[in-house]
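Chain by chain, the residues:
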Amino acid sequence: MDSKILNLSGSKKVNRREFLGHMSAATLALTLPGSAGFIKDKRMGIVVHSYASRWNSKTNSHQFPGFKDALDLLTHCHHIGAAGIQVGVKGWTKDFSNQVRDRREKFNMYVEGSIAVPFQAGDVSEFEKEVIAAKEAGATVLRSVCTSGRRYEVYHSAADFEKAHTEALAALRLAAPILQKHKMKLAVENHKDWRAPELVGIIKKLDSEWIGVTLDFGNSIALMEDPMEVVTTLAPYLFTTHVKDMGVDECEDGILLSEVPLGQGILDLPAIVAICKKNNSDATFNLEMITRDPLKVPCLTDDYWQTLPDVIGKDLARTLHTARTKKFANGLPRVSHLTVDERLAVEEKNILSCLEQSKNSLGLK
């Protein structure tokens, strides 16, 4: 069968993405053993970044002991009722992958890997090792980012960002044959780097059934994008998600942005979840509730705009208006002043609150 084109009973030729889009969810599930389609419910999973304080924590806390690896995270997330985890797979041995697989199967949970793309030909062998490790653990989806960090912090000219764009596309082209070989999906996140149309452009250029999107619900506010427009633009390409709600406020150089417990922020989460389900009924919903101080988005500084020359004033005005009129009640939460144990307690409270909200209001139960 041609890798790009399928001809269905003499009908017009369609590419693989279109073909898969017309297959039923049940058929897709049968072709992907171990996928989210085999999890009978739609409970929400948890991204490792939700446990930013507890992950690899060296604090000697009896109530909130640190998670040293994916097995610890998987076990805890099972105990609090999550459906699965998304976690880095770097350094996993075959034996460790098998341990993760066995525990995942015991708990009837899913695992998604988080992985770096190969930016040079010499990186491909290590990339393939990580793909294999994740697959042996039962993962079918791998989340990735393709830049060095937040666009407005890392890149300081249009040329800098164009170079990053070229390098990202080249890296994904190196990854594509490995993904196809092992039948693993790579989901590129809108990680405060790509605006939604830019990420769609990359996915279309690659034209691979194995490369799609990790749809983060709130990141793109930092790039002056309308959250619902981001969702509708990226949803046709999504494999997995980062579920979050966002709180906003003004600051001298622009806006402040925070993940807040689901239902307390500005996002229309029921509508977003519905759009995701409509576009991919097998997509997983993974909570990314990072408990931290607000992030500053300096959209009123000259440097911020060096990589965003084509963003129109209307987008800036809308974002500033939202920050002014929909401020988080009593100010955005801050945790840097707390003791480590207090911060761990708030982190766990936020995650449990989000899981409860996902069941009560988002139908993820």
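Preceding this paragraph is the structure being described.
Everything numeric in this text was worked out from a predicted model, so none of it was measured.

Enquirer: Any chance you could explain the overall build of the protein chain here in plain terms?
Expert: Across its full length, the protein chain carries twelve helices and 13 strands. For the protein chain, the residues scored as buried account for 52% of the 365 residues in total. Sequence-distant contacts in the protein chain: of pairs separated by 6 or more residues, those separated by 24 or more amount to 79%. For the protein chain, the exposed surface amounts to about 16,500 Å²; the carbon and sulfur share of it is 52%.

Enquirer: So what exactly am I meant to see when it comes to the pattern of salt bridges here?
Expert: Pairs can form between side chains of opposite charge whenever their charged atoms are close. Scanning the model with the defined rule gives 19 salt bridges in all. Among the ionic pairs, Arg104 bridges to Glu105, the shortest N-O distance being 3.6 Å. The salt bridge partner of Glu288 is Lys244, with a shortest N-O separation of 2.8 Å. Taken together, the residues Glu288 in the loop between strand S12 (284-287) and strand S13 (295-297) and Lys244 in the loop between strand S9 (238-243) and strand S10 (245-251) connect sequence positions 44 residues apart. In this pair, the class of Glu288 matches that of Lys244, namely buried. Look at the salt bridges and you will find they share partners, linking Asp216, Lys244, Glu259, Glu288 and Arg292 into a network.

Enquirer: How should I be thinking about the side chain of Lys244 in this particular structure?
Expert: Using a relative accessible area of 2% as the deciding quantity, one classes Lys244 as buried. Side-chain polar atoms of Lys244 contact the side chain of Glu259, separated by 3.3 Å. Lys244 has contacts with Asp216, Phe217, Gly218, Asn219, Glu259, Leu262, Leu267, Leu269 and Glu288, leaving out every residue within four places of it along the chain.

Enquirer: How do you make sense of the packing of helix H5 (residues 124-136) against helix H7 (residues 158-182) when you look at a structure like this?
Expert: Working note: a packed helix pair is described by the angle between its axes plus the distance between those axes. Contact geometry for H5 and H7: axes closest at 10 Å, N-to-C directions at 30°. In this structure, the crossing between H5 and H7 has a hand that is right-handed. Taken together, the residues of H7 that come into contact with H5 (itself represented by Val124, Phe127, Glu128, Val131, Ile132 and Lys135) are Leu174, Ala175, Ile178, Leu179, Lys181 and His182. Per-class residue counts for the contact of H5 with H7 are eight nonpolar, one polar and three charged.

Enquirer: Would you mind going over the layout of surface pockets with me for this structure?
Expert: A probe as big as a water molecule, rolled over the atoms, marks out the empty space that is left. The volume enclosed by the second largest pocket comes to roughly 310 Å³. Along the walls of the second largest pocket sit 17 residues, with Lys90, Ile115, Ala116, Val117 and Glu130 positioned nearest its centre. Looking at the lining of the second largest pocket residue by residue, the classes come out as eight nonpolar, four polar and five charged.

Enquirer: Can you walk me through the nonpolar core in this structure?
Expert: Side chains of a nonpolar character, in soluble globular proteins, are inclined to be buried together. Ranked by internal contacts, the top residues of the largest apolar core, which has 96 residues, are Trp92, Leu172, Leu179, Leu215 and Phe217. Here the element with the most residues in this core is H7; it accounts for ten residues. Ignoring sequence-local partners within four residues, the contact set of Leu172 consists of Val117, Cys146, Leu186, Val188, Ile202, Leu206 and Ile211.

Enquirer: Before we go on, may I ask you to explain the pairing of strand S11 (residues 254-260) in this structure?
Expert: One face of the sheet, then the other: side chains in a regular strand alternate in exactly this way. Among the seven residues in S11, seven count as buried, and that is most of the element. Across seven bridges, the pairing between S10 and S11 is antiparallel. Within S11, the position partnered with Glu250 by the bridge is Ile255. Between the end of S10 and the start of S11, which pair antiparallel, lie two residues. When S11 meets S13, the two strands line up antiparallel, connected through three bridges. What sits directly across from Leu257, in S13, is Leu295.

Enquirer: Honestly, the side chain of Asn190 in this entry has me stumped. Any pointers?
Expert: Note that Asn190 resides in the loop between strand S7 (185-189) and helix H8 (196-206). Asn190 gets classed as buried once you look at its relative accessible area, which sits at 0%. A polar contact of 2.8 Å, which involves the side chain of Asn190, links it to the backbone nitrogen of Asp216. Of note is the side chain of Asn190, whose polar atom sits 3.2 Å from the side chain of Ser220. When sequence neighbours within four positions are dropped, the list of residues in contact with Asn190 reads Leu199, Thr214, Leu215, Asp216, Asn219, Ser220, Val230 and Leu234.

Enquirer: Sorry, what's going on with the sheet that holds S11 here?
Expert: Within a sheet, neighbouring strands are paired by backbone hydrogen bonds and run either parallel or antiparallel to one another. Taken in spatial order, the three strands make up an open sheet running S10-S11-S13, and their pairing is antiparallel. Of all strands in the sheet, those bounded by a partner on one side alone are S10 and S13. Pairs of neighbouring strands in the sheet enclose a mean axial angle of 30°, with direction left out of account. Against the sheet, helix H11 (residues 313-325) touches S10 and S11, its axis set at about 95° to S10.

How each quantity is defined
Residues numbered from 1 in each chain as written. Predicted model: local features only at pLDDT ≥ 70, side-chain atom pairs only at ≥ 80, totals over all residues. Heavy atoms only, no water. Helix = DSSP H or I, 4+ residues; strand = E, 2+ residues; numbered from the N terminus. Buried < 20%, exposed > 50% of the residue type's maximum accessible area, 1.4 Å probe, protein only. Contact = heavy atoms within 4.5 Å. Areas by Shrake-Rupley, 256 points an atom, 1.4 Å probe, with all protein chains shown as cover. Salt bridge = Lys/Arg side-chain N within 4 Å of Asp/Glu carboxyl O. Polar contact = N/O pair within 3.5 Å; in protein donor to acceptor, adjacent residues only side chain to side chain. Axes fitted to C-alpha atoms, helices over the stretch in contact; angles between N-to-C directions. Left-handed = near helix turned anticlockwise from the far one by under 90°. Nonpolar A, V, L, I, M, F, W, Y, C, P; charged D, E, K, R; others polar. 1 Å grid on protein atoms, 1.4 Å probe; cavity = no way out; pocket = protein on both sides within 12 Å on 5 of 7 lines; lining within 4 Å. Points joined across faces, edges and corners; volume = space filled by probe spheres on them. Core = buried A, V, L, I, M, F, W, Y, C linked by side-chain atoms within 4.5 Å. Pairing = 2+ DSSP bridges.

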